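Structural description and commentary
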Amino acid sequence: MSIFSSLSHAPNWKAFDVFMSDALYHPAHGYYTRLQNQIGTNAASSDFATSPVLSPFFGEALAKQVAECLEVTGTSEVWEFGAGTGALALQVLTALDERLTRYCIVDLSGSLQAQQQATLAAGLSAEQLSKVHWLQALPDQMSGVIVGNEVLDAMPVKLLARVDGVWHERGVVQTEHGLQFADISTELRPPLEIAGGGDYVTEIHPQGEAFIQTLADKLLRSQVLTGKGGAVLMIDYGFGESEYYHPERSMGTLMCHRAHQSNTNPLVCVGEQDITAHINFTGIALAAQGAGLTVSGYTSQGRFLLNCGLLDLLEHASLAEKAMAQKLVTEHEMGELFKVICLSTALDFEPLGFAVGDRSHAL
């Protein structure tokens with residue numbers, strides 16, 4: 001495929017976030033728009049697994065936090081962004097059932113939307129299924145609980161490279177030898193001054209932070225017009241700002257995934273592998289606060305799920321089910337690397353998922 005059919009910079013240079021957007025979401029050649037199942041546990045037929053695919057108890061535990069958010073905000077709608085296979089939607093809808101009046105899914109991938117529809121049709125009653133709506137555009141206002149599991153990491157990032165003490169924006173060029181990185185001078189900088197003078201590559205997240213600001217605007221608009229606001233729950237792998245831009249993290253966090261193998265080269269197998277970057281949760285928190293939301297909690301996924309009663313949910317689970325659920329909470333698996341942040345329109349909200357081990361102060 002060629003991603004250089006339309007160039008925003010000349011000659012033959014694309015900023016990395018533009019390249020990443022094309023590689024993932026190009027209508028004909030993008031990774032998430034191709035007709036295949038990328039998400040699953042089988043390396044022969046998928047590229048990576050998400051928490052809801054690994055264990056249905058993930059969604060069941062998360063649903064307890066969603067229910068509390070619905071009660072606090074006086075709402076009855078859930079909005080899920082990037083719903084993947086539909087596994088999380090199935091788990092939350094099944095757990096909450098009559099508490100929900102609508103479950104709205106926003107997903108850029110037509111192939112994944114078809115998979116979501118099949119998953120929900122097979123697992124829900126006709127009444128439950130009638131509550132599900134797929135949207136291609138956001139309304140002017142939103143109320144309820146917004147959920148995003150591994151959504152922010154798939155949003156295009158800008159690459160910055162400090163070379164010989166000078167900062168550059170890193171882009172991609174097409175050469176006779178294939179795709180290669182190329183740097184241009186820039187005024188862009190990481191949000192923290194990075195100690196030392198050695199070469200350093202990292203990412204900044206303007207699209208992810210703008211996305212959070214958009215959600216905040218729509219929730220707060222609803223609160224002003226209807227008296228009903230909402231909350232945002234984002235789950236992803238990442239760090240706070242000081243850890244993200246640590247001097248020793250000199251190669252950045254960019255990762256690619258294919259057939260359950262990881263690599264750090266986004267310029268190969270373009271459109272055939274996932275490209276992600278870890279999340280700077282401090283940037284997400286600041287974007288939310290700047291737009292008028294409150295940071296109601298921030299902690300590790302493991303602590304969050306335990307606070308939401310995961311152990312009680314596993315009481316009657318099989319040994320195999322417990323083993324899969326354990327991957328969600330143990331530190332060497334997903335429990336520590338993945339974080340959960342809660343943003344809300346409720347100023348004095350203390351959500352149960354962050355009752356023990358809240359790290360908001362560390363952001």
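The structure this text deals with has already been given above.
Described in the following lines is the structure provided in the data block. (Residues numbered from 1 in each chain as written. Predicted model: local features only at pLDDT ≥ 70, side-chain atom pairs only at ≥ 80, totals over all residues. Heavy atoms only, no water.)

Once that is clear, we can look at the overall build of the protein. Along the protein, the regular secondary structure elements total 12 helices and 16 strands. Expressed along its principal axes, the backbone C-alpha trace of the protein runs to roughly 60 × 45 × 40 Å. Put simply, the protein has 363 residues, and 53% of those count as buried. Looking at the protein alone, contacts between residues at least 24 apart form 75% of all its contacts between residues at least 6 apart. As displayed, the protein offers around 15,600 Å² of accessible surface, 52% of which is attributable to carbon and sulfur atoms. (Helix = DSSP H or I, 4+ residues; strand = E, 2+ residues; numbered from the N terminus. Buried < 20%, exposed > 50% of the residue type's maximum accessible area, 1.4 Å probe, protein only. Contact = heavy atoms within 4.5 Å. Areas by Shrake-Rupley, 256 points an atom, 1.4 Å probe, with all protein chains shown as cover.)

Time to look at the pattern of salt bridges. A side chain of one charge can pair with a side chain of the opposite charge if their charged atoms are brought near each other. Across all of its chains, the model carries 9 salt bridges by this definition. Ionic pairing is found between Arg-170 and Asp-183, a salt bridge with its closest N-O pair at 2.8 Å. One end of the pair, Arg-170, is in strand 7 (residues 166-175); the other, Asp-183, is in strand 8 (residues 178-185), with 13 residues separating them in the sequence. By relative accessible area, which is 16% here, Arg-170 ends up buried. Among the ionic pairs, Arg-258 bridges to Glu-272, the shortest N-O distance being 3.1 Å. Here Arg-258 is found in strand 11 (residues 255-258), whereas its partner Glu-272 is found in the loop between strand 12 (261-263) and strand 13 (274-276), with 14 residues between them in sequence. Its relative accessible area of 35% is what places Arg-258 among the partly exposed residues. Classification of Glu-272 by relative accessible area gives partly exposed; the value is 38%. (Salt bridge = Lys/Arg side-chain N within 4 Å of Asp/Glu carboxyl O.)

Running from N to C, helix 7 (residues 206-226) and helix 9 (residues 281-290) cross one another at 35°; their axes reach a closest spacing of 8 Å. The two elements helix 7 and helix 9 cross, and the hand of that crossing is right-handed. Residues Gly-208, Glu-209, Ile-212 and Gln-213 of helix 7 lie in contact with helix 9, whose contacting residues are Gly-283, Ile-284, Ala-287 and Ala-288. (Axes fitted to C-alpha atoms, helices over the stretch in contact; angles between N-to-C directions. Left-handed = near helix turned anticlockwise from the far one by under 90°.)

Counting 45 residues, the largest nonpolar core has Leu-62, Val-66, Leu-96 and Tyr-103 as the members making the most contacts within it. The set of elements that each furnish at least two residues to this core consists of helix 3 (56-73), helix 4 (87-96), strand 3 (102-106), strand 5 (144-149), strand 10 (230-239), helix 10 (301-307), helix 11 (310-313) and strand 16 (338-344). If one sorts the elements of this core by residue count, helix 3 sits on top with 9 residues. What Val-66 contacts, discounting residues up to four positions off in sequence, is Val-78, Leu-96, Val-145, Val-147 and Leu-233. (Core = buried A, V, L, I, M, F, W, Y, C linked by side-chain atoms within 4.5 Å.)

The 3 strands lie next to each other as 12-11-13, forming an open sheet whose pairing is antiparallel. A single partner strand is all that each edge strand has here, and the edge strands are strand 12 and strand 13. In this sheet, adjacent strand axes meet at a mean angle of 25° when their direction is disregarded. Where strand 11 meets strand 13, 3 bridges bridge the pair, whose relative direction is antiparallel. Pairing of Cys-256 across the sheet is with Ile-275, part of strand 13. (Pairing = 2+ DSSP bridges.)

To continue, consider the pairing of strand 5. Buried residues dominate strand 5, accounting for 6 of its 6 residues. Looking at chain direction, strand 2 (residues 77-81) and strand 5 are connected through 4 bridges and run parallel. The partner of Trp-79 across the bridge, within strand 5, is Ile-146. Pairing between strand 5 and strand 10: 6 bridges, direction parallel. Residue pairing across strands places Gly-144 opposite Gly-230, the latter belonging to strand 10.

The subject of this paragraph is helix 9. Counting buried positions along helix 9 gives 7 out of 10 residues, so the element sits mostly inside the fold. Within helix 9, the full set of buried residues consists of Phe-281, Thr-282, Gly-283, Ile-284, Ala-285, Ala-287 and Ala-288. Packing partners of the buried residues in helix 9 comprise helix 7, strand 10, helix 8 (241-244), strand 14 (279-280), strand 15 (294-300) and strand 16. Just past helix 9, the residue Gly-292 takes up positive phi, approximately 110°.

Take the side chain of Glu-77 next. Within the element layout of this structure, Glu-77 appears in strand 2. For Glu-77, which is buried and forms no salt bridge, the nearest opposite charge comes from Arg-102, at a distance of 4.1 Å. A distance of 3.4 Å separates polar atoms of two side chains, one belonging to Glu-77 and the other to Trp-79. In this view, Glu-77 contacts Leu-70, Thr-101, Arg-102, Ser-143, Gly-144 and Val-145; residues no more than four positions away in its chain are not counted. (Lys, Arg positive; Asp, Glu negative; His and termini not counted. Polar contact = N/O pair within 3.5 Å; in protein donor to acceptor, adjacent residues only side chain to side chain.)

Here we come to helix 3. An ideal rise of 1.5 Å per residue puts 26 Å on 18 residues; helix 3 measures up with 26 Å between its terminal C-alpha atoms. When helix 3 is considered as a whole, its buried residues turn out to be Phe-57, Phe-58, Gly-59, Ala-61, Leu-62, Ala-63, Gln-65, Val-66, Ala-67, Cys-69, Leu-70 and Thr-73. The positive-phi residue at the C-terminal boundary of helix 3 is Gly-74, with phi of around 65°. (Expected span 1.5 Å × (residues − 1).)

Under the counting rule described, the total for this entry stands at 10 aromatic pairs. Measuring from ring centre to ring centre gives 5.7 Å for Phe-16 and Phe-19, while their planes differ by 40°; the resulting arrangement is tilted. A residue pair is termed a helical-turn pair when its members lie 3 or 4 positions apart in one helix, as Phe-16 and Phe-19 do in helix 1 (residues 16-25) at 3 residues. With respect to class, Phe-16 is no different from Phe-19; both count as buried. Ring geometry for Phe-16 against Phe-181: centres 6.3 Å apart, planes inclined by 45°, an arrangement best described as tilted. One end of the pair, Phe-16, is in helix 1; the other, Phe-181, is in strand 8, with 165 residues separating them in the sequence. According to the relative accessible area criterion, Phe-16 is buried, its value standing at 0%. Overall, Phe-181 belongs to the partly exposed group, its relative accessible area being 34%. (Phe/Tyr/Trp six-rings, centres within 6.5 Å; stacked < 30°, edge-to-face > 60°.)

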